[in-house]
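Residues per chain are reported as follows:
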Amino acid sequence: MRKKQWILLLVVLAVFVAATAGMKGYQKNQDKKAAQKEADEKVYALQFASEDVTGIAYEKDGEWLAFTKNDDTWSCETDTAAAIDSDKMKTMLSSLGSMTADSTVESPTDTAQYGLDAPSMQAVITFSDGSEKTLTFGSTNAILGGTYVQISDDDNVYLVGSSYVNTTLNKSVDDLTVDETKDTTDDAEDTTDNTENSTDNQTDVQSDSTSE
């Protein structure tokens, strides 16, 4: 009798484990489908690979700042002495290159109502194939939030996050230069490595002397 109870208990446990695994697999599959659906429904106002960009110019505090890339090295045309940080440029361009739209106004006949007749900011991106994209930002939507933008060669107007204007493109030359603390840290690491190597060499010499 007790043996049958144990067998029954094991069967119930096996069924429970199988059901739990099945539920987890089902939930994982549903999550995957939901993520794929969200990705498929996502609308991009602008999309490109940051490594394909060779130049960008934009307005900052009433003046245009222009940056160009040669052999993976960035420089500022308006401040040639500035040491531009390639990682910071990549971060900026990666953000612009995946510009998602919260909503789309398809081919409006009057773009002035979106503030595009008096742009709040403009940017021009140059690509390795010689093509360019001009981004014209207009007014903000006080109710929904976000800023309207129109991309050259695209008749649509998109409502995108205001962070593209307030953060991504709100960069001065100083904001995009190599941090002095980074240089100091790198120098300190090099000094430490050299010191360690020197110490190791001295230890090896002493060991050799002792062996002799």
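Refer to the structure printed above.
Before going into details, it helps to say that this report is about the structure given with it.

What counts, and at which threshold
Residues numbered from 1 in each chain as written. Predicted model: local features only at pLDDT ≥ 70, side-chain atom pairs only at ≥ 80, totals over all residues. Heavy atoms only, no water. Buried < 20%, exposed > 50% of the residue type's maximum accessible area, 1.4 Å probe, protein only. Helix = DSSP H or I, 4+ residues; strand = E, 2+ residues; numbered from the N terminus. Arc of directions from axis to C-beta. Polar contact = N/O pair within 3.5 Å; in protein donor to acceptor, adjacent residues only side chain to side chain. Core = buried A, V, L, I, M, F, W, Y, C linked by side-chain atoms within 4.5 Å. Contact = heavy atoms within 4.5 Å. 1 Å grid on protein atoms, 1.4 Å probe; cavity = no way out; pocket = protein on both sides within 12 Å on 5 of 7 lines; lining within 4 Å. Points joined across faces, edges and corners; volume = space filled by probe spheres on them. Nonpolar A, V, L, I, M, F, W, Y, C, P; charged D, E, K, R; others polar.

**Structural notes on helix 2 (residues 86–96)**
Among all positions in helix 2, only Met-89, Met-92, Leu-93 and Leu-96 are buried. The arc that holds every buried residue of helix 2, seen down its axis, measures 90°, which confines them to one face. Two to three positions downstream of the cap, the backbone nitrogen of Asp-87 sits 2.9 Å from a side-chain oxygen, assigning the N-cap of helix 2 to Asp-85.

**Some words on the nonpolar core**
With 33 residues, the main nonpolar core has Ile-56, Phe-67, Leu-96, Met-99, Leu-135 and Phe-137 as its most contacted residues. Beyond its immediate sequence surroundings of up to four residues, Leu-96 is in contact with Leu-46, Phe-48, Ile-56, Ile-125, Leu-135, Tyr-164, Thr-168 and Leu-169. Ranked by size, the runner-up nonpolar core spans five residues in total, among them Tyr-114, Leu-116, Tyr-148 and Leu-159.

**Overview of the layout of surface pockets**
Counted as a void, the largest pocket has a volume near 160 Å³. Lining the largest pocket, in full, are Ser-50, Glu-51, Lys-69, Asp-72, Trp-74, Ser-86, Lys-90 and Leu-93. Broken down by element, the lining of the largest pocket gets its largest block of residues, three residues, from helix 2. Taken together, the residues of the lining of the largest pocket break down into two nonpolar, two polar and four charged.

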